[in-house]
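Tertiary structure, described
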Amino acid sequence: MSNLCVMCNGDGESVLHLLVLCPFAKTVWQHVCSWASIVPFQAVSLIDHMLLFSASVERRVPANKRLLLWLAAIWAIWGRRNAAIFKNEDAVAVEVFDQIRLSSWHWQIIDGEKRWKQDESTIREVRN
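Cut-offs and rules
Residues numbered from 1 in each chain as written. Predicted model: local features only at pLDDT ≥ 70, side-chain atom pairs only at ≥ 80, totals over all residues. Heavy atoms only, no water. Axes fitted to C-alpha atoms, helices over the stretch in contact; angles between N-to-C directions. Helix = DSSP H or I, 4+ residues; strand = E, 2+ residues; numbered from the N terminus. Parallel < 35°, antiparallel > 145°, perpendicular 65-115°, else oblique. Left-handed = near helix turned anticlockwise from the far one by under 90°. Contact = heavy atoms within 4.5 Å. Nonpolar A, V, L, I, M, F, W, Y, C, P; charged D, E, K, R; others polar. Buried < 20%, exposed > 50% of the residue type's maximum accessible area, 1.4 Å probe, protein only. Expected span 1.5 Å × (residues − 1). Salt bridge = Lys/Arg side-chain N within 4 Å of Asp/Glu carboxyl O.

Attention now moves to the packing of helix α3 (residues 46–56) against helix α4 (residues 63–86). At a minimum axis separation of 9 Å, α3 and α4 run at an interaxial angle of 135°. Taken together, the axis directions place α3 and α4 in an arrangement best described as oblique. Both α3 and α4 take part in a crossing whose hand is right-handed. Residues Leu46, His49, Met50, Phe53 and Ser54 of α3 form the contact with α4, whose own contacting residues are Arg66, Leu67, Leu69, Trp70 and Ile74. Each residue belonging to the contact of α3 with α4 can be placed in one class, and the counts come to seven nonpolar, two polar and one charged.

The next subject is the side chain of His49. Note on placement: His49 falls in helix α3. On the basis of relative accessibility, which here comes to 2%, the residue His49 falls in the buried class. Dropping the residues within four chain positions of it, His49 is found in contact with Val20, Trp29, Phe41, Ala43 and Trp70.

Over its 13 residues, helix α2 (residues 23–35) runs 18 Å from end to end, which matches the ideal 18 Å to within 8%, given 1.5 Å per residue. The set of residues buried in α2 consists of Phe24, Ala25, Val28, Trp29, Val32 and Cys33. Positive phi appears at Ser37, one or two residues downstream of α2, with a value of about 60°.

Counting across every chain of the model gives two salt bridges. When the shortest N-O distance is used, the salt bridge between Arg80 and Glu95 registers 3.3 Å. Here Arg80 is found in helix α4, whereas its partner Glu95 is found in helix α5 (residues 93–127), with 15 residues between them in sequence. The exposure class assigned to Glu95 is partly exposed, which follows from its relative accessible area of 39%. The partner of Asp98 in a salt bridge is Arg101, with the nearest N and O atoms 3.0 Å apart. Of this pair, Asp98 and Arg101 are both found in helix α5, three residues apart, which corresponds to roughly one turn of the helix.

Following this line, the structure appears as C-alpha cells:
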C-alpha cells in the first residue's frame, strides 16, 4: 500500500495533509470558508485549524454550531477519502461541500430535537 495521498497523489498521507493541506481539502475548505463568509487561512496542525476556524466564524455562527460545521467538513473529507480508496470513487470538491452543508443541517436538526425533548421533559418535571 502506498503512502501517497489518494486525493492528490502527492505528499505522504498524514492526517494534517489529508484533512487540511491536500489541494483537494484546501478546495473544500475554500468552499466552506466562502459559505461562512470568512477568509481562508493556513494552519500548522489540526487543532490549530479547528481553533482558527472557530475564531474566524465567531461573530457569525453561534458557539454551539462552530464546531459542528468544522466536524461536518472533516467527516465529509474523510468519508470521500475512504470512498476513493475502498469504492474507487472520484473525489469532487463541490460534492463534498454539498455533503458538508447537508450534514451540518441534519446535525443541527438532530441537536434541536434532542434539546426540545430535554426541554419538554424538564417542563413535565416542573409541572409534576
